[in-house]
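Structural overview
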Amino acid sequence: METLRALLYLPAGASTFADGIDALHAFVITVTMLMATLAFGAAAWFTVRHRRRRARQLTERLTASLRREIVIIGGILAMFLLWWVIGYRQYLRMMEPPADAEIVYVYAKQWMWTFSYGDGRETNDLLTVPSGRRVKLVMTSRDVIHSFFVPELRVKHDVLPGRWVTVWFEATQPGVYPIWCTEYCGVGHSQMRARLVVLHADDYARWKSQAGGDAGVAVASDLVALGREVALKRACVACHTLDGQRHVGPTFRGLFGSTQTLADGRRVIADEAYLTRSMMEPNADVVAGYRSVMPTYQGTLTNGEVAALVELIRSLRAAPAEREGVALPDLSIDVLDAAPQDPWGPR
Ligand SMILES: [Cu+2]
């Protein structure tokens, strides 16, 4: 395996995915090279063997038995299907993030990467993760299509505006690795590089315990708590409740993952992308039965605050208690009691 990697100029693998992907890569390359050599050899052999010897010689007519044709076509097809089965299983494994993964929110924009951690910390062009632990990246773009690529991890995924995508990985080797953008995204594309720092688990714990205070970052105990603060600070709770009551806007309780009917008849699932869009372009998807009075928060909410709000809404699922095995803290906020119940009257 190492020789093949060296031969193909592949960087050493640094995640649990690397061996499987490299094995498939090596398998495909070996088989195709072998077949290419055979095909070229056969062509050369026929050129010599059946070359024109006399001026008026007719082309020989060659036939293969049906059995031979079936074996050849069936063999090639089986080979393709085998690659597909192996690749598809790897794809499924990579696309299904484990539930216990540590979450980092990734924002791409021309031309940098921003990483927001669960404790409210935010860094630019520097992603720090522990080795031997699963990390899930929840990624979106603020402008055009970018692509997140760490060759050593064998992890690569397009990062799209208006959509959240997730990838996960488990780094095995502590070290510093390059993060590339592999989708041409404008003149600064080649500058859009970041670093991935993989720390030993105990170094990582130390890194985490260092308060982000020196950078002036508010460190909340977790994103949900931070989201609650943001919802208060930015007055989302003037129009939205957290306890299931309808107000000026729909409640946040039970919103995540639910199907929303919009004023124009479309039905959408309230996922991370939809929630973010609702904050950035509230008029793009107006919920049926509500007035489109929500102001846009484009440019006023920081990336970290958006992540925190999404996490808050995610935590307010309708029936979380039996799934998680723990009761959620009561997040209802009393600010609303003073607010008028329905300023626009009956609809
Ligand atoms: Cu880019």
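Values in this document were obtained by computation on a predicted structure and should not be read as measured data.

On any regular strand, side chains alternate: one points to one face of the sheet, the next to the other face. On strand 10 (residues 193-199), burial follows the alternation: Ala 194, Leu 196 and Val 198 on one face are buried, whereas Arg 193, Arg 195, Val 197 and Leu 199 on the facing-out side are not. Taken together, the five bridges between strand 4 (residues 126-130) and strand 10 define a ladder with parallel strand orientation. Within strand 10, the position partnered with Leu 127 by the bridge is Leu 196. Relative to strand 10, strand 9 (residues 175-181) runs antiparallel, the two being bridged by six bridges.

This part is about the environment of Thr 261. Here Thr 261 shows up in strand 11 (residues 259-261). Residue contacts for Thr 261: discarding those within four places in its chain leaves Arg 267 and Ala 288.

Bringing the sheet that holds strand 8 (residues 165-170) into the picture now. The sheet built from five strands is open, its strands ordered 3-2-1-5-8 with mixed pairing. Every interior strand has two partners, whereas the edge strands, strand 3 (122-124) and strand 8, have only one. Taken over all neighbouring pairs, the strand axes of this sheet differ in orientation by 25° on average, direction set aside. Its contacts with the sheet put helix 7 (residues 303-315) on strand 1 (102-109), strand 2 (112-117) and strand 3, and the angle it makes with strand 2 is roughly 45°.

Within the open sheet, the five strands sit side by side as 4-10-9-6-7. Their pairing is mixed. Of all the strands in the sheet, the pair left with one neighbour each is strand 4 and strand 7 (155-159). Each strand axis lies, on average, 20° off the axis of its neighbour in the sheet, ignoring direction.

This part takes up the environment of Tyr 204. Residue placement: Tyr 204 occurs in helix 4 (residues 201-209). Judged by the 20 C-beta atoms lying within 10 Å of it, Tyr 204 is buried. Expressed as a C-alpha distance, the spacing of Tyr 204 and Pro 130, which sit 74 residues apart in the sequence, is 5.5 Å. Setting aside chain neighbours within four positions, we find Tyr 204 in contact with Pro 130 and Leu 199.

At a minimum axis separation of 7 Å, helix 5 (residues 223-233) and helix 7 run at an interaxial angle of 105°. Taken together, the axes of helix 5 and helix 7 are roughly perpendicular relative to one another. Residue-level contacts link Leu 223, Val 224, Leu 226, Gly 227, Arg 228, Val 230 and Ala 231 of helix 5 to Glu 305, Ala 307, Ala 308, Leu 309, Glu 311, Leu 312 and Ser 315 of helix 7. Taken together, the residues that form the contact of helix 5 with helix 7 break down as nine nonpolar, two polar and three charged.

What counts, and where the lines are drawn
Every residue gets a number counted from 1 within its own chain, in the order that chain's sequence is written. Restriction of local features to residues with pLDDT of at least 70 applies here, the model being predicted, together with a cutoff of 80 or more for giving and counting side-chain atom pairs; totals for whole chains, interfaces and linings are based on all residues. A residue is called partly exposed when the number of other C-beta atoms within 10 Å of its own lies between 12 and 20, exposed at 12 or fewer, and buried at 20 or more, with C-beta atoms placed from the backbone. In this description a helix means any DSSP run of H or I spanning at least four residues, a strand means any run of E spanning at least two, and both kinds are numbered starting from the N terminus. Paired strands, in this sense, are two strands between which DSSP finds at least two bridges. It is the C-beta atoms, placed from the backbone, that decide contacts: two residues are in contact if theirs lie within 7 Å. To get an axis, a line is fitted to the C-alpha atoms, and for a helix only the part in contact is used. The angle between two axes follows their N-to-C directions and goes from 0 to 180 degrees. Oblique is the label for any angle not under 35 degrees, not over 145, and not in the 65 to 115 range, which are roughly parallel, roughly antiparallel and roughly perpendicular in turn. All residues other than Ala, Val, Leu, Ile, Met, Phe, Trp, Tyr, Cys, Pro, Asp, Glu, Lys and Arg, Gly among them, are scored as polar; the first ten of these are nonpolar and the last four charged.

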